[in-house]
Amino acid sequence: MAVNITSIKTSSNGAWQGDNPLDFAFPLLILQTILILAVSRSLAFLLKPLRQPKVIAEIVGGILLGPSAFGRNHHYMHRVFPKWSAPILESVASIGLLFFLFLVGLELDLSSIRRSGSRAFGIAAAGITLPFVCGIGVAFVLRSTVAGEDQVGYGQFIVFMGVALSITAFPVLARILAELKLLTTRVGETAMAAAAFNDVAAWILLALAVALAGDGVPGGPHKSPLVSVWVMLSGLGFVGFMMLAVRPAMRWVAGRCSSEHDAVDEAYICLTLAGVMASGFLTDLIGIHAIFGAFVFGLTIPKGGAFAERLMERIEDFVSGLLLPLYFASSGLKTDVASIRGGKSWGLLALVITTACAGKILGTFAVAMMYMIPAREALVLGLLMNTKGLVELIVLNIGKEKKVLNDETFAILVLMALFTTFITTPTVMLIYKPARHGSSSGTPRRKLGDLTATKESKDELRMLACLHGPGNVPSLITLVESIRSTKISQLKLFVMHLVELTERSSSIIMVQRARKNGFPFFNRRRGGRWHDRLSGAFQAYSQLGRVKVRPTTAISALATMHEDICHVAETKRVAVIILPFHKQYWGDESVENVGHGWRGVNQRVLKHAPCSVGLLVDRGLGQASRPNPSQRVCIVFFGGPDDREALELGGRMAEHPAVKVTVVRFVEREEADGGSKAVTLRPSPSKSPEQNYSFSTAVMNRQKEEVKISQPSIFSRDRSNGLVDSWIGSSGLVNYL
């Protein structure tokens with residue numbers, strides 16, 4: 001049934017007055033948004049073990065909600081996604097797309113393209129030229145095979161097909177490289193620079209395609225070729241105006257919003273957001289898609305400053321998390337896989353996928369070999385440059401909107417983009433495995449006990465302390481202060497802020513700043529990448545005591561976070577790693593669970609670490625405004641190598657004049673029968689229903705442990721009362737009570 005969209009009202013009067021909310025624009029938009037987000041997030045969760053970018057889940061979610069799957073139920077399709085609602089959904093999604101392309105321009109640093117040199121330019125040129133030529137050949141095949149495509153002009157169809165096959169998705173590639181920890185390696189930097197060249201060329205080609213397409217109505221009035229020329233000239237004039245006039249103005253605005261100022265003036269934020277909309281309107285007025293203007297405006301914002309970072313923080317979650325999935329889903333809703341019928345159509349899909357992959361991979365591989373890049377890295381570059389995604393879908397949607405692509409061709413190209421992006425991560429992981437440093441089963445672990453073997457080796461104790469955020473700082477400083485000796489021995493503390501990698505633009509930029517050659521690195525300059533509260537706290541503490549503090553940030557997926565921790569522990573030759581417990585205890589007896597994934601990180605570090613590992617469980621001692629003037633520490637000793645390490649740590653604490661250490665040794669009952677001072681512990685019937693306790697067993701060296709326990713100079717015993725501030729237990733667990 002045909003519906004006059006002008007008769008559609010915005011909101012209903014409610015079900016009690018007989019109105020169906022699905023017949024009104026705004027309630028239906030809310031339902032569509034909820035449904036799209038629920039399906040796409042669920043698919044993203046299912047695809048996370050395969051390490052797929054979020055765009056895959058969002059496109060597949062749109063395809064499932066559309067006519068290919070759920071849409072086969074016509075009642076569902078007419079009620080949830082009626083045809084009259086498509087312009088409304090696409091308009092809201094286009095706003096998100098506009099601001100996302102602004103973020104892409106904000107993320108793309110033109111100066112890095114200039115610094116990349118001829119190698120990246122040559123790889124990008126080959127990665128565009130060969131697929132574009134292959135796309136021309138595929139265009140002739142599709143035009144003569146797919147019904148209806150012969151009504152479209154040769155020039156329009158060839159340009160759209162060439163652009164569709166030659167594009168590399170810069171935002172998607174950056175997230176894949178960050179996930180694989182290749183973003184700051186030689187391969188990653190070359191791929192990013194080449195993708196940046198490719199992205200700029202793709203926008204120029206897209207502007208040309210839009211100019212050639214016109215309104216795209218087959219059989220409509222023929223337009224003069226001069227119209228396309230005027231569109232391109234106007235586009236060049238717009239770019240020149242933005243770079244020569246707007247860019248200096250935005251540099252002045254960024255200077256007024258530097259990190260020296262506590263807050264960014266709201267007027268500058270509103271001015272920038274209005275500038276995004278105005279730039280989009282101007283390019284749409286010229287005849288180029290509005291997103292081109294938003295992308296160019298993003299290029300005018302100075303990179304690396306506080307203004308750009310705060311802009312991202314303000315808009316990226318709302319745009320990337322809420323609005324952008326609507327655009328990908330709307331692309332999936334237009335995709336009808338059922339339009340690919342018969343062996344001929346599926347053969348065309350195979351031809352398009354093969355041509356796209358072969359053209360991009362072979363072209364990039366050949367030129368990379370000419371630049372003396374090793375064969376494996378050259379092949380990985382070709383696979384990475386074959387990544388499709390956002391820009392690909394933009395081109396396809398514009399082609400469908402201009403009626404250059406019909407339903408069958410559109411579905412073929414969307415599936416091609418999905419397939420090429422899906423295979424990128426697993427194929428790169430299979431082919432390219434850079435060396436990862438860490439402890440192996442045949443390498444002995446460094447121990448605290450090894451440092452006390454000679455007097456010379458006791459001069460410096462190296463520790464790697466990890467933290468999740470500001471809440472871990474007080475307890476960590478309290479622990480380090482307890483270990484810090486007032487004697488001649490020196491303590492060097494490497495502090496690592498653990499940050500989970502996300503697909504936010506700000507997260508990708510943080511990876512580029514905090515990693516070098518694929519791993520975290522320590523900047524010798526004060527301040528830097530850390531939040532002011534974290535950096536300032538440890539810098540102030542390092543000036544008060546004999547402690548050298550070197551901070552860094554590890555940004556990684558939780559599944560591979562342990563690789564960064566173990567690598568730093570290996571390269572810095574630390575004797576012990578301190579990990580925060582995955583639960584945070586507060587003074588009011590409440591417990592905050594930071595996430596089950598962090599528990600897995602701790603378990604993997606315990607398994608692969610090249611040295612001793614301690615878990616720091618903060619139960620409130622670190623929440624004091626400053627460390628206690630006197631601390632009582634209890635060491636619970638059962639025996640075994642883990643407890644011997646805990647004893648070594650307690651020995652270092654005992655050297656501090658403000659720390660009193662008590663050792664409680666547990667022995668087997670037969671061993672304790674002969675001693676008159678032995679105490680047998682049993683569970684309390686009133687407090688514990690268990691009849692007995694069981695402890696994990698370990699290989700014990702009784703002679704070595706007897707020597708360590710009996711040394712009178714190690715520990716200062718305090719028997720004034722039974723209260724202790726902290727205890728150290730088996731497996732190196734440091735537990736503040």
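What comes next concerns the included structure. Predicted model only: the values in this text are computed from it and were never measured.

## Concerning the overall build of the protein
When helices and strands are counted, the protein shows 27 helices and 13 strands. Of all 737 residues assigned to the protein, the portion counted as buried reaches 51%. In the protein, of all internal contacts separated by at least 6 residues, the share reaching a separation of at least 24 is 80%. Accessible area for the protein stands at about 34,600 Å²; split by element, carbon and sulfur atoms hold 59% of it.

## Let's talk about the nonpolar core
Buried together is how nonpolar side chains tend to be arranged in soluble globular proteins. Judged by nonpolar contacts, the single largest core of 149 residues is most densely connected at F81, L101, F102, W203, I301, F307 and I394. With 15 residues, helix 9 (residues 186–213) is the single largest residue contributor to this core. Apart from residues no more than four positions distant in its own chain, F81 is found in contact with Q32, L35, I36, L65, Y76, L89 and L333. Membership of the second largest hydrophobic core comes to 32 residues, among which are V495, A575, I578 and L649.

## Here we look at the pattern of salt bridges
Applying the stated criterion to the full structure yields eight salt bridges. With its nearest N and O atoms 3.2 Å apart, the salt bridge here joins R79 to D23. Linking R79 in helix 3 (residues 74–80) with D23 in the segment before helix 1 (25–47), this pair joins segments that are 56 residues apart in sequence. Look at R79 and you get partly exposed, because its relative accessible area is 26%. Judged by relative accessible area, D23 falls into the partly exposed class, the value being 38%. The salt bridge involving E563 is made with K181; its shortest N-O contact spans 3.7 Å. Within this pair, whereas E563 is found in helix 23 (residues 561–571), its partner K181 is found in the loop between helix 8 (170–179) and helix 9, the two being separated by 382 residues in sequence. Its relative accessible area of 3% is what places K181 among the buried residues.

## Points about the packing of helix 4 (residues 86–107) against helix 11 (residues 266–286)
Viewed as axis vectors pointing N to C, helix 4 and helix 11 meet at an angle of 110°, and their least axial separation amounts to 10 Å. Classified by the angle their axes make, helix 4 and helix 11 are roughly perpendicular. Residues L98, F99 and F102 of helix 4 lie in contact with helix 11, whose contacting residues are T272, L273, V276, M277 and G280. Residue composition of the contact of helix 4 with helix 11, grouped by class: six nonpolar, two polar and no charged.

## Observations regarding a nonpolar patch on the surface
A cluster of nonpolar residues, L226, V229, W230, L233 and L236, forms a patch on the protein surface that exposes about 560 Å² of accessible area. Mapped onto the elements, L226 comes out in helix 10 (residues 225–256).

## Brief notes about the packing of aromatic side chains
Taken as a whole, this structure holds six aromatic pairs when the rule is applied. Considering the side-chain rings of Y76 and F81, the 6.2 Å spacing of their centres and the 70° angle between planes classify their relative orientation as edge-to-face. In this structure an aromatic cluster arises from ring pairing among F70, Y76 and F81. Cation over ring: K400 sits above F410, and NZ or CZ is 5.4 Å from the ring centre.

## Thoughts on the pairing of strand 2 (residues 490–500)
Counting buried positions along strand 2 gives nine out of 11 residues, so the element sits mostly inside the fold. As defined by bridge partners, strand 1 (residues 460–467) adjoins strand 2 across eight bridges and the pair is classed as parallel. Its bridge partner lying in strand 2, C466 is registered against M496. The pairing of strand 2 with strand 5 (residues 547–556) spans 10 bridges and is classified as parallel. From the neighbouring strand, V499 faces strand 5, where its bridge partner is I555.

## Concerning empty space enclosed by the protein
Summed over the entire model, instances satisfying the criterion amount to six cavities of 30 Å³ or more. Volume-wise, the largest cavity comes out at about 170 Å³. When contributions to the lining of the largest cavity are tallied by element, the ones reaching two or more residues are helix 2 (54–65), helix 8 and helix 13 (306–334). When grouped by side-chain class, the residues that make up the lining of the largest cavity number eight nonpolar, one polar and four charged.

Calculation notes
Residues numbered from 1 in each chain as written. Predicted model: local features only at pLDDT ≥ 70, side-chain atom pairs only at ≥ 80, totals over all residues. Heavy atoms only, no water. Helix = DSSP H or I, 4+ residues; strand = E, 2+ residues; numbered from the N terminus. Buried < 20%, exposed > 50% of the residue type's maximum accessible area, 1.4 Å probe, protein only. Contact = heavy atoms within 4.5 Å. Areas by Shrake-Rupley, 256 points an atom, 1.4 Å probe, with all protein chains shown as cover. Core = buried A, V, L, I, M, F, W, Y, C linked by side-chain atoms within 4.5 Å. Salt bridge = Lys/Arg side-chain N within 4 Å of Asp/Glu carboxyl O. Axes fitted to C-alpha atoms, helices over the stretch in contact; angles between N-to-C directions. Parallel < 35°, antiparallel > 145°, perpendicular 65-115°, else oblique. Nonpolar A, V, L, I, M, F, W, Y, C, P; charged D, E, K, R; others polar. Patch = residues over 30% accessible without salt bridge, like charges linked within 9 Å, V, L, I, M, F, W, Y side chains within 5 Å. Phe/Tyr/Trp six-rings, centres within 6.5 Å; stacked < 30°, edge-to-face > 60°. Lys NZ or Arg CZ within 6 Å of the ring centre and 35° of its normal. Pairing = 2+ DSSP bridges. 1 Å grid on protein atoms, 1.4 Å probe; cavity = no way out; pocket = protein on both sides within 12 Å on 5 of 7 lines; lining within 4 Å. Points joined across faces, edges and corners; volume = space filled by probe spheres on them.

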